[in-house]
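Chain by chain, the residues run as shown.
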Amino acid sequence: MTARPPIPFIDLKGQQARISSELRRRLDAVLGHCQFILGPEVAELEAKLAQLCGARHCIAVSSGTDAIQIALMAEGVGQGDAVFLPAFTYTATAEVPLVLGATPVFVDVDPHTFQIDPAHLERRIAEVRRDGHLRPRALIGVDLFGQPADWKALAGIAEREGLFSLDDLAQSFGCTLHGRPLGAAADATVTSFFPSKPLAGYGDGGALFTESDERASLYRSLRTHGEGASRYEVLHTGMNGRLDTMQAAVLLAKLTVFADELKARERVARYYDSRLGNAVVTPARVPDSTSAWAIYAILLPDQAARADVQAALRTNGVPTAIYYPRPLHLQPAYRHHHNGIGLPVSEDLASRILALPIHPYLSEADIAHVCDSVLNAVS
Ligand SMILES: *Cc1c(COP(=O)(O)O)cnc(C)c1O
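So, here's what we can say about the structure.

**Regarding the pattern of salt bridges**
All chains considered together, the criterion is met by 19 salt bridges. The shortest N-O distance in the salt bridge between Glu161 and Arg129 comes to 2.8 Å. Residue Glu161 is found in helix 6 (residues 151-161), and its partner Arg129 is found in helix 5 (residues 118-131); the two are separated by 32 residues along the sequence. On the basis of relative accessible area, Glu161 is assigned to the partly exposed category, the value being 24%. Taking relative accessible area as the criterion, Arg129 reaches 42% and is therefore assigned partly exposed. A salt bridge links Arg352 to Asp348, with the nearest nitrogen and oxygen atoms 3.0 Å apart. Of this pair, Arg352 and Asp348 both sit in helix 10 (residues 344-352), four residues apart, which is roughly one turn of the helix.

Laid out in structure tokens, this is it:
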């Protein structure tokens, strides 16, 4: 057998080659005007992103994590407040409430779609109310792996329970739900432009979206140290949370191919589904939605089978990753904020989930090689 070069898990070089002239034009423009902080590219990007996801306002910030922080700071979330969020997500979602002195309350996820489970959310809210120590204050619904969470159910629960609803769209910018892009399903929406996300910069970045004029102006103020109408009037305790002009320039170049890249990701996902669907558990689709396919994760029968498949793929030059090997309620940093109840679906997924390479620049031969390798490993 001839050795083939390993397949990249995410191919930023292939993308760069494709957009290089637009990228250079955009970066040269910034080098020309030298407005490195909140230069014109930031406002241009905000307008384009707001339009893309059907939101009234977009505020570009320094990271997805900072976007979550700004959203919760704007609501005054802090000591004594319960913030409900899924246990099966990236750590940033849980870290911010704790940084602000609030308490994360971990909710289990759906065993098929891996999205936060609305029925379990309702039970957790009822528990916190019965217990009486914390005030239910906010819900952070995460759109996991590229697909949307069940926002119809989540927004209804938030409304009935009087919770601030925040949509963590960091992994799924570009997905749709009920025929519309996600960006206005909750009181506010945040996304991330970390280099491995579907729409990404060449460094850290993020954005907030909201329909509310008051929230939007508060977010703008908080990202620049809480400044008021004049630069040296400080209205709020804020932070340094702005998106760099350079990152905005990179993102504007990447936006020119984003729609096409989403289609390419969908093609890879369909190919994986059709070749692998009889051999392993392939991702269940959220009804009436499209995915941004940040991650394509399969389920193996158990942890030992996963380790075997991962090793066999590695030998074949196929990289894999585990999102997430440990649910948040079992993490050393968070477990003492959890009441000890089991979250069986999150725990089960963590033990046997495996992510395959998915990006728009996988060749047909690479996709076939990934499938052949998985089928060989499980047979
Ligand atoms: C990546 C990610 C974040 C954090 O975004 P950063 O830009 O890296 O700060 C938050 N939530 C989820 C679900 C993420 O995947």
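**A look at the pairing of strand 2 (residues 81-86)**
Among the six residues that make up strand 2, six are buried, leaving the element largely enclosed by the rest of the structure. Here strand 2 shows two buried faces, one formed by Asp81, Val83 and Leu85 and the other by Ala82, Phe84 and Pro86. As defined by bridge partners, strand 2 adjoins strand 4 (residues 135-142) across four bridges and the pair is classed as parallel. Bridge assignment links Val83 to a residue of strand 4, and that residue is Ala138. Relative to strand 3 (residues 103-107), strand 2 is paired through five bridges, and the arrangement is parallel. Residue pairing in the sheet places Val83 in a bridge with Pro104 of strand 3. In this view, the connection linking strand 2 to its parallel neighbour strand 3 by way of helix 4 (residues 92-99) has right-handed handedness.

**Some words on a nonpolar patch on the surface**
Together, Leu31, Phe36, Ile37 and Leu38 make up a nonpolar patch on the protein surface, roughly 350 Å² of accessible area in all. For Leu31, a relative accessible area of 49% translates into the label partly exposed.

**Focus: the nonpolar core**
Ranked by internal contacts, the top residues of the largest apolar core, which has 42 residues, are Leu49 and Phe84. The set of elements that each furnish at least two residues to this core consists of helix 2 (40-52), strand 1 (57-61), strand 2, strand 3, helix 5, helix 6, strand 9 (206-210) and helix 8 (245-276). Looking at which domains feed residues into this core, each of domain 1 (13-252) and domain 2 (258-378) supplies at least three. Grouped together as the second largest cluster of nonpolar side chains are 31 residues, Ala87, Tyr219, Leu222 and Leu343 included.

**Examining the sheet that holds strand 5 (residues 164-168)**
Sheet strands line up and pair through hydrogen bonds in the backbone, either parallel or antiparallel. Reading across the sheet, the seven strands line up as 1-9-8-5-4-2-3 and stay open at both edges, with mixed pairing between neighbours. The open sheet has two edge strands with one neighbour each: strand 1 and strand 3. Averaged over neighbouring strand pairs, the angle between their axes works out to 25° when direction is ignored. The sheet contacts of helix 4 involve strand 2, strand 3, strand 4 and strand 5, and relative to strand 2 the element is tilted by about 175°.

**Some thoughts on unusual backbone geometry**
Look at the link from Tyr323 to Tyr324: it is a cis peptide, with omega at 0°. With respect to the secondary-structure elements, Tyr324 resides in the loop between helix 9 (303-315) and helix 10. Its identity is not glycine, yet His178 carries a phi of approximately 50°, on the positive side. Phi is positive for Asp288, close to 55°, though the residue is something other than glycine. Along the polypeptide, Asp288 turns up in the loop between helix 8 and strand 10 (289-290).

**Some details on the site of the ligand**
If you check the shell around the ligand, you find 15 residues, and the closest are Gly64, Thr65, Asp168, Ser192 and Lys197. The contact in question runs from a nitrogen atom of the ligand to an N or O atom on the side chain of Asp168, over 2.8 Å. When the ligand is considered free in solution it has 380 Å² of accessible area, and contact with the protein chains removes 94% of it. Those elements giving two or more residues to the shell around the ligand turn out to be helix 3 (64-74) and helix 4.

**A closer look at the packing of helix 2 against helix 8**
Relative placement of two packed helices is described by the angle separating their axes and the distance separating the axes. For the pair helix 2 and helix 8, interaxial distance at closest approach is 8 Å and the crossing angle is 40°. Of the two elements, helix 2 crosses helix 8, and the hand of that crossing is left-handed. Here helix 2 contributes Glu41, Val42, Glu44, Leu45, Lys48, Leu49 and Leu52 to the contact with helix 8, which in turn contributes Thr245, Ala248, Ala249, Leu251, Leu252, Leu255 and Phe258. Class assignment for the residues of the contact of helix 2 with helix 8 results in ten nonpolar, one polar and three charged.

**Describing the environment of Pro104**
By the element assignment, Pro104 lies in strand 3. Pro104 sits in the buried class, given a relative accessible area of 1%. Pro104 has contacts with Val83, Leu85, Ala94, Leu98 and His337, leaving out every residue within four places of it along the chain.

**Details of the packing of helix 3 against helix 4**
For the pair helix 3 and helix 4, the least separation of the axes is 9 Å and the interaxial angle reads 40°. Classified by the angle their axes make, helix 3 and helix 4 are oblique. For the pair helix 3 and helix 4, the sense of crossing is right-handed. Across the interface between the two elements, Thr65, Ile68, Gln69 and Leu72 of helix 3 pack against Ala92, Thr93, Glu95, Val96, Pro97 and Val99 of helix 4. The residue inventory of the contact of helix 3 with helix 4, partitioned by class, reads six nonpolar, three polar and one charged.

Cut-offs applied
- Residues numbered from 1 in each chain as written.
- Predicted model: local features only at pLDDT ≥ 70, side-chain atom pairs only at ≥ 80, totals over all residues.
- Heavy atoms only, no water.
- Salt bridge = Lys/Arg side-chain N within 4 Å of Asp/Glu carboxyl O.
- Helix = DSSP H or I, 4+ residues; strand = E, 2+ residues; numbered from the N terminus.
- Buried < 20%, exposed > 50% of the residue type's maximum accessible area, 1.4 Å probe, protein only.
- Pairing = 2+ DSSP bridges.
- Right-handed = clockwise from strand over helix to strand, strands pointing away.
- Patch = residues over 30% accessible without salt bridge, like charges linked within 9 Å, V, L, I, M, F, W, Y side chains within 5 Å.
- Areas by Shrake-Rupley, 256 points an atom, 1.4 Å probe, with all protein chains shown as cover.
- Core = buried A, V, L, I, M, F, W, Y, C linked by side-chain atoms within 4.5 Å.
- Domains from an automatic or database assignment.
- Axes fitted to C-alpha atoms, helices over the stretch in contact; angles between N-to-C directions.
- Contact = heavy atoms within 4.5 Å.
- Near = heavy atom within 4 Å.
- Polar contact = N/O pair within 3.5 Å; in protein donor to acceptor, adjacent residues only side chain to side chain.
- Left-handed = near helix turned anticlockwise from the far one by under 90°.
- Nonpolar A, V, L, I, M, F, W, Y, C, P; charged D, E, K, R; others polar.
- Parallel < 35°, antiparallel > 145°, perpendicular 65-115°, else oblique.

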